[in-house]
Each structure stands twice: as structure tokens, then as C-alpha cells.
Amino acid sequence: MASGRTSRNYRQHNMAGQERFYVYGNAVRKAEAVPVRRREIQPAQPKRTSSQVRKNRNRAMSINPAYAVFLAAAAVCAVMLCMMYLKLQSDVMNRSENVTALQQELADLTEANDTAYNAAADSVNLKEIKDRAMNEMGMVYASEGTVIEYDSPTGSYVKQYSDIPKDGILAQSKDVSE
């Protein structure tokens, strides 16, 4: 029964290696037809529009003078805002470049300062200075009792190694005359 139904609708024939496919019944497809384009039919005479419709169309197409002034003012404002924005953007870029240049200059000066400081610190030998001060100049460390503190109205302190003269001059150069 099953073989009868299959053989009734579809049959295959093998002939010398060729396979053919036959379809029987209402399942046969028809070739698709190319759709025919219809021509647009144009009226022989255009419809006449009423005067009210023409007036409404003309009114819709025209611009009110007040509206035109408003549009012009809005356009001018928009252009001015754009110009101000571009100017501010230019100022920001210029200042950014200036800050970058100043940062580079600061880095160069800091490097030069550190180099000079290190050169000065390396050129000073503290042991040699101590030897010279103690041996050649007779300097000694402060001993107990040689430092006298007193109350100052400014709140600072002074180390006094000898009595302060009444005229207030502690040392005077030989070349300076009074």
C-alpha cells in the first residue's frame, strides 16, 4: 500500500546512471510569469483647484516677515555662539601649549638647580672646614655656660659670646670711618 502511494505521486527512473524525477498530480509547479508593468494613466486634463485652495497653498509657501526676522536673528545668534566657542577653544589650546612649555622650562630649571646643588655639595669637604676652623682660626665648640639666653620682646633668641657694647656695634671694619 505504501509503495502504491509513492509510485502514484512520484516516480524515479534510473537509466544508464541518469536520475530523472517525475511529478504527477496537482503538485506540478507552473513556470513563474514575469509581472507586466502597468502604465500609469495620466488624466487628459489636470483638475482645477479652487481659489481658496490656491490661496492656502500660497500662504503656506510664503514666509511671514516677522518670522523671517526671527530666523535671521536666530541664525546670527547661532553664528556668534559658534564663533565664541571656537575662540574659547583656541584660547584653551594656546594656554595648554603655554602650560606645557612652562612645565618643560620648570623641569629644565629644576634639573639645572639640582645639578648645581650637587656640584656645590660635592665641592665642600666638611672635615677640611672643621680642621681649618679649629687649627688655623682657633675656633672651639661651645661649652656649658658660654651660651646665655635672655628674654627678647620679639620672641627670638640670641647666643651671646661676649658683652654687647652700649653703642650696639659689635665689629667695625678698619676701612670704614665714622
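Residues numbered from 1 in each chain as written. Predicted model: local features only at pLDDT ≥ 70, side-chain atom pairs only at ≥ 80, totals over all residues. Heavy atoms only, no water.

Run through the overall build of the protein chain, naming residues and quoting values.
Secondary structure summary: the protein chain contains four helices and two strands in total. In the protein chain, which comprises 178 residues, the proportion classed as buried is 1%. (Helix = DSSP H or I, 4+ residues; strand = E, 2+ residues; numbered from the N terminus. Buried < 20%, exposed > 50% of the residue type's maximum accessible area, 1.4 Å probe, protein only.)

Pulling in residues and values, what's your account of a nonpolar patch on the surface?
Side chains of Ile-63, Tyr-67, Phe-70 and Leu-71 sit close together on the surface and give an oily, nonpolar patch of about 430 Å² of accessible area. With respect to the helices, strands and loops of the structure, Leu-71 is situated in helix H3 (residues 65-123). Note on Leu-71: relative accessible area 37%, which makes it partly exposed. (Patch = residues over 30% accessible without salt bridge, like charges linked within 9 Å, V, L, I, M, F, W, Y side chains within 5 Å. Areas by Shrake-Rupley, 256 points an atom, 1.4 Å probe, with all protein chains shown as cover. Salt bridge = Lys/Arg side-chain N within 4 Å of Asp/Glu carboxyl O.)

An account of the pattern of salt bridges is needed here, citing residue identities and associated values.
Taken as a whole and judged by the stated rule, the model has two salt bridges. Asp-91 is the partner of Lys-87 in a salt bridge, and the nearest nitrogen-oxygen pair spans 3.3 Å. One end of the pair is Lys-87 and the other is Asp-91, both in helix H3 and four residues apart, which spans about a single turn. The exposure class of Lys-87 is exposed, given its relative accessible area of 53%. Classification of Asp-91 by relative accessible area gives partly exposed; the value is 26%. Ionic pairing is found between Glu-136 and Arg-132, a salt bridge with its closest N-O pair at 3.2 Å. Residue class for Glu-136 comes out exposed when judged on its relative accessible area of 59%.

Could you give an account of the confidence of the model for the protein chain, naming the residues involved and the relevant values?
The predicted model of the protein chain has a mean per-residue pLDDT of 77, with 59% of residues at 70 or higher. Note on residues 3-15: pLDDT is under 50 here. Beyond four places in sequence and across chains, it has 19 contacts. (pLDDT = per-residue confidence, 0-100. Contact = heavy atoms within 4.5 Å.)

An account of a negative patch on the surface is requested, with residue identities and associated values reported.
A contiguous patch of negative charge on the surface is contributed by Glu-105, Asp-108, Glu-111 and Asp-114. Secondary-structure assignment places Glu-111 in helix H3. Under the relative-accessibility criterion, Glu-111 is labelled exposed at 54%. (Lys, Arg positive; Asp, Glu negative; His and termini not counted. Charge placed at Lys NZ, Arg CZ, Asp CG, Glu CD.)

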